[in-house]
Amino acid sequence: MAPQERTPCCEQEDSRQNETIDNKLSNIDLAGGFINKGYVNDTTDNINNQSANNNRDDDKEHKKATDFDDLLPYVGEFGLYQKILFLLMIPFAFFVAFVYFSQIFMTIAPEQHWCWIPELANLTVEERRALAIPPKSDGPFAHDRCNMYSADWTAALAQGRTTPDDGWSVVPCAYGWEYNRSDVPYDTIASQLDWVCEKDNLPATAQAIFFCGAIVGGLVFGWIADKYGRIPALVGTNLIGFTAGIGTAFCDSFWSFALCRFLVGLAFDNCFTMMYILVLEYVGPKWRTFVANMSIALFFTLAASLLPWIALWADDWRRFAIGTSLPFILAAATPWLVPESARWLVSQGKIDKALTIMKKFERINKTKIPEKVLSEFAESSLKTIKDSEAECRTYSVLDLFKTPRLRRNAILLIIIWMAISLVFDGHVRNVGSLGLDIFLTFTIASATELPADTFLTAVLDRWGRRWLACGSMVISGIFSLLATAVPVGGPSASLAILGRFAVNISYNIGLQYAAELLPTVVRAQGVALIHIMGYVASIVAPFVVYLANISQDLPLLILGILGIIGGLLCLFLPETMDTEMPQTLQDGENFGKDQRFWDMPCFPKKRVEDDDNPGRYVKRHSVSSRNEPDNFVRALPSTIGSRASIRASIRASVKTKTGSNKRETSKERKENMV
C-alpha cells in the first residue's frame with residue numbers, strides 16, 4: 001500500500017464522520033496537476049492548529065476541511081454511474097494498446113527473403129534460388145538474403161543452366177527482394193519498401209521516433225489538461241491518434257511514415273491515462289485498487305492479445321493501420337458521456353460545475369448528498385484555493401539533487417526505471433526473434449500481464465517494494481539469460497515469456513515506487529522526470545532488439561544483464577511499505593535512515609518510539625489515536641502541476657487510503673474497547 005498521510009486527531013467528532021474523513025484521498029492534485037501530489041505540510045496551518053489545540057473548548061467549532069472524497073460515500077463509492085465509467089474505460093484501453101503495439105505488425109519483415117531477378121520470373125522459386133542466389137553454410141538460412149550472382153541471365157536460360165557458374169561474381173541485390181510469407185502472411189510496409197539488409201534498421205528507427213513523439217505528447221497534453229481540462233486533453237490526444245493513424249496508411253516512404261508515427265506517439269499513454277485518472281477520481285477509496293489494476297489487467301491485456309489476430313485478419317498493413325485507427329473517432333463523444341474532473345473544476349474556481357456533476361451522480365445512483373455537506377465542501381474548496389494561491393515557496397526538480405541521500409535515491413530511481421522500461425519494451429519487441437510464430441508468441445506474452453497484476457495485488461503489501469522489485473527484476477534477468485542457453489524455439493520462447501512475466505511485476509512496482517519515495521513538494525516534477533527518462537530508455541529498446549540481426553542471443557543477453565543490475569540496484573533504495581510519505585525535502589533526506597540493508601517487511605523490526613524519521617516500515621498507531629502529535633495537519637494541495645502524463649503516480653496513489661483506512665479503523669475500535 002502507498003504511504004499514509006498524517007492528520008490531526010479530532011476526538012470530539014462522531015464515529016461516522018471519522019470514518020468518512022479517514023477515507024479522504026487528495027493525491028490527485030486539486031490545484032490543477034493530474035499527478036500524485038500527496039500532501040504538503042503547511043506552516044500556517046500548523047500554527048493555526050497548535051493555537052486551536054491550546055483552546056480545547058473550541059474543538060467543537062474547529063471543523064476538518066471537507067474535500068472531494070468526503071462526498072463519495074454519499075453518492076456511492078462504486079454505484080451504477082461509476083460502473084458505467086469503468087466500462088467506458090474499455091475503448092480507451094484498446095486505444096493505448098493499439099497505439100503502443102500496432103507498429104510492430106506494420107514494420108515486421110519476413111525472415112526469409114532473397115534477391116528478386118526479373119529475368120527469372122518464369123522459373124519457380126526453388127529454381128530461381130538455386131540458379132541466382134549464393135548458398136550459405138553458416139547461419140539459420142541456407143541462402144544469402146542480401147546478395148545475388150551477377151550474370152547474363154538471358155544467355156544462362158538459353159544454355160539451360162540450373163546451377164550457377166563458378167566464375168559469376170556476387171553483388172548486392174539490384175532489383176529488390178522477394179519474400180517467403182509463411183511467417184508473415186501479409187504485406188507490411190517493411191516488405192513493400194524493402195526495409196531489409198542495409199535498410200533493416202529503419203523499423204527500429206521509426207519506433208524510436210514514435211517514442212520521441214511520446215515525450216513531446218506527454219508535455220503538450222499534460223499542459224492542455226492543466227490549462228483547459230481533462231476532457232479536452234483526452235479528446236485531443238485521441239483525435240491526434242486517429243488522424244495520424246489514418247495518415248499512416250497512405251505513407252509510401254520512410255520519412256512520411258516516421259512523421260506519422262511521431263504524431264501517433266503524441267497520443268501514447270495520454271489517450272488512456274486521462275480517462276484512467278478521471279474514473280479513479282470518481283471511485284471511492286476502497287474500490288480504487290480494483291479499478292486501477294483490473295482496468296489494466298483485463299482491458300489492456302485483452303486488447304494487446306487480440307492485436308496480432310486483427311493484423312492477420314486485415315491481411316494488409318494499410319488496412320490494419322486504418323482498422324486500428326478508426327475506433328479513435330469514438331473519443332469525440334467523450335464530452336457527452338464522461339464528466340469533467342471535479343477536482344480540476346474546483347481548482348479553477350468552478351465549484352458550481354463540480355457540484356452539478358455530483359448532482360448527476362446522485363440522480364443516476366439514486367443517492368443524496370446532504371446540503372450541509374455540499375455547503376461545507378464549497379467553503380472548504382474556496383479556502384483551499386485561496387490558501388494555495390498564497391503559497392510563495394516554489395520548488396524545482398533540481399532540489400532533488402541538492403542533498404546526498406535524496407540525490408542518491410533520485411539517481412537510483414532514474415536508473416532503475418530506465419532499466420525496467422528498456423527491459424520491458426525489449427521483451428515486448430523481441431518476440432520475433434524467439435524462433436516461434438510471432439503472432440502466437442506475442443499473444444501469450446501479452447497475456448502474462450493478467451497473472452502478473454493479480455499476483456502483485458496479492459503480495460505487494462505483504463512483501464514490500466524493495467525486495468519484490470529486486471527479486472522480480474533479477475528473476476527476469478535470469479530467465480532471459482537462460483533463454484540464450486537453450487535451443488531456439490519452444491525452450492527459449494518459454495523462458496523469455498517467463499522473463500516477460502517477471503518484468504511485468506517489476507514495471508508495476510516501479511510505477512509506484514517513485515511516487516512513494518519522493519518528497520511531496522517535488523513529487524510531481526520528480527516522477528515526471530523519471531517517466532520521461534523511461535521514454536528515453538524505450539527509444540534505445542528497438543535498437544537492442546535489432547541486434548538480433550547480428551546474433552539472436554544478443555538482445556536477451558543485454559536484457560538479462562540489465563535486469564539483474566537493475567534488480568540489485570533496488571536494494572539500495574529504502575523500503576516504503578507502511579511508511580509516512582516524505583513531505584518536505586528534509587523528510588526525503590531523512591527517509592529510511594534507520595533501515596538496514598537486510599531489513600525485510602516480512603520480518604519487521606520492533607517498534608522504536610521515535611517519530612522523527614518517516615522512513616520506518618513498522619505498523620503505526622492509528623492517526624486518530626490520542627498519542628498522535630498535533631503538529632501535523634492535512635495540508636493544502638500544492639499548486640505545482642506536472643506537464644507530463646504519468647499513470648505511474650496515480651496508480652501508486654490509489655492504494656493509499658484503502659489500506660490505511662482498514663488499519664486505522666481496526667486500531668480505533670480496539671482503543672475504544674479499552
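Rules and cut-offs
Residues numbered from 1 in each chain as written. Predicted model: local features only at pLDDT ≥ 70, side-chain atom pairs only at ≥ 80, totals over all residues. Heavy atoms only, no water. Helix = DSSP H or I, 4+ residues; strand = E, 2+ residues; numbered from the N terminus. Buried < 20%, exposed > 50% of the residue type's maximum accessible area, 1.4 Å probe, protein only. Contact = heavy atoms within 4.5 Å. Areas by Shrake-Rupley, 256 points an atom, 1.4 Å probe, with all protein chains shown as cover. 1 Å grid on protein atoms, 1.4 Å probe; cavity = no way out; pocket = protein on both sides within 12 Å on 5 of 7 lines; lining within 4 Å. Points joined across faces, edges and corners; volume = space filled by probe spheres on them. Nonpolar A, V, L, I, M, F, W, Y, C, P; charged D, E, K, R; others polar. Axes fitted to C-alpha atoms, helices over the stretch in contact; angles between N-to-C directions. Parallel < 35°, antiparallel > 145°, perpendicular 65-115°, else oblique. Core = buried A, V, L, I, M, F, W, Y, C linked by side-chain atoms within 4.5 Å. Disulfide = S-S within 2.5 Å. Phe/Tyr/Trp six-rings, centres within 6.5 Å; stacked < 30°, edge-to-face > 60°. Lys NZ or Arg CZ within 6 Å of the ring centre and 35° of its normal.

Trainee: Mind showing me how you'd approach the overall build of the protein here?
Mentor: The helix and strand tally for the protein stands at 27 helices and four strands. In the protein, which comprises 674 residues, the proportion classed as buried is 58%. Long-range contacts, defined as pairs at least 24 residues apart, comprise 82% of the intrachain contacts of the protein with a sequence gap of at least 6. In the form shown here, the protein has an accessible surface area of approximately 27200 Å², with 62% of it arising from carbon and sulfur atoms.

Trainee: Hey, could you run me through empty space enclosed by the protein in this one?
Mentor: Gaps left between atoms show up when a probe the size of a water molecule is rolled over them. Counting across every chain of the model gives nine cavities of 30 Å³ or more. There is about 100 Å³ of room inside the second largest cavity. What lines the second largest cavity is simply L413, I416, W417, I420, A469, I509, G510, Y513, A514, I530, C570 and L573. Along the lines of polarity and charge, the residues of the lining of the second largest cavity split into eleven nonpolar, one polar and no charged.

Trainee: What is the right way to look at the packing of helix α8 (residues 202-228) against helix α9 (residues 230-248) in this model?
Mentor: Helix-helix packing is characterised by the crossing angle of the two axes and by the distance between the axes. Where α8 contacts α9, the axes come no closer than 7 Å and their chain directions differ by 150 degrees. Between α8 and α9, the crossing angle belongs to the class labelled roughly antiparallel. Together, F221, I224, A225, D226 and Y228 of α8 and R230, P232, A233, G236, T237 and I240 of α9 make up the contact between the two elements. For the contact of α8 with α9, the per-class residue count stands at seven nonpolar, two polar and two charged.

Trainee: I tried to follow the environment of S480 on my own but got confused; where do I start?
Mentor: Structurally, S480 is set in helix α21 (residues 466-483). Spatially, the C-alpha atoms of S480 and A493 are 9.6 Å apart, while their sequence positions differ by 13 residues. Each residue touching S480, except ones within four places of it in the same chain, is listed here: H427, L556, L559 and G560.

Trainee: Where do I start with the side chain of N504 in this structure?
Mentor: By secondary structure assignment, the location of N504 is in helix α22 (residues 490-517). Filtering out sequence-adjacent residues up to four positions away, N504 remains in contact with F424, T448, E449 and A452.

Trainee: In this structure, what is going on with the environment of D587? I would like to understand it.
Mentor: With respect to the helices, strands and loops of the structure, D587 is situated in helix α25 (residues 585-590). For D587, a relative accessible area of 21% translates into the label partly exposed.

Trainee: In this structure, what is going on with the nonpolar core? I would like to understand it.
Mentor: Within soluble globular proteins, side chains that are nonpolar generally end up buried alongside one another. One finds M89, F101, F105 and F268 to be the most contacted residues of the largest nonpolar core, which totals 151 residues. The element contributing the most residues to this core is helix α4 (residues 80-107), with 17 residues. When sequence neighbours within four positions are dropped, the list of residues in contact with F268 reads V96, V99, Y100, F210, F211, A214 and Y535. I117, M148, W153 and A156 belong to the second-largest nonpolar core, a separate cluster that totals 17 residues.

Trainee: I keep staring at unusual backbone geometry and nothing clicks. Help me out?
Mentor: Where the residue is not glycine, phi is negative for most of them; where a peptide bond is considered, it is trans in most cases. A positive phi angle, close to 55 degrees, is found at C197, a residue other than glycine. Inspection of the secondary structure puts C197 in the loop between α7 (189-192) and α8. Positioned with a positive phi, K366 is a non-glycine residue whose angle comes to about 60 degrees. Mapped onto the elements, K366 comes out in the loop between α16 (351-365) and α17 (371-390).

Trainee: Looking at this structure, I do not really get the state of the cysteines. What am I missing?
Mentor: A covalent bond between the sulfur atoms of two cysteines is referred to as a disulfide. Following the criterion strictly, the structure yields two disulfides and no others. The side chain of C146 participates in a disulfide bridge whose partner is C197; the two sulfur atoms lie 2.0 Å from each other. Its torsion about the S-S bond being -95 degrees, the disulfide of C146 and C197 is classed as left-handed. Of this pair, C146 sits in the loop between α5 (125-132) and β2 (147-150) while C197 sits in the loop between α7 and α8, and the two are 51 residues apart along the sequence. Residue classification places C197 among the buried positions, given a relative accessible area of 12%. In the protein, the bonded cysteines, taken in the order they occur along the sequence, pair up as 1-3, 2-4. Among the cysteines around C260, which has no disulfide bond, C251 carries the closest sulfur, lying 3.6 Å off. Unpaired in this structure, C470 has its nearest cysteine sulfur neighbour in C570, at a distance of 6.3 Å. The exposure class of C470 is buried, given its relative accessible area of 6%.

Trainee: I tried to follow the packing of aromatic side chains on my own but got confused; where do I start?
Mentor: Pairs of aromatic rings are described using the distance from one ring centre to the other and the angle between the two planes. On inspection of all chains with the given rule, the structure shows 35 aromatic pairs. Judged by centre distance (5.7 Å) and plane angle (20 degrees), the ring pair of F105 and F439 falls under stacked. Residue F105 is found in helix α4, and its partner F439 is found in helix α19 (residues 438-447); the two are separated by 334 residues along the sequence. Per residue, the accessibility class of F105 equals that of F439, and both read buried. Relative to F254, the ring of W195 has its centre 5.7 Å away and its plane inclined at 75 degrees; by these criteria the two rings are edge-to-face. Of the two residues, W195 sits in the loop between α7 and α8 while F254 sits in helix α10 (residues 254-267), which places them 59 residues apart along the sequence. Accessibility expressed as a relative area gives 4% for W195, which makes it buried. Lying across the ring of W114, R129 places its NZ or CZ 4.5 Å from the centre.

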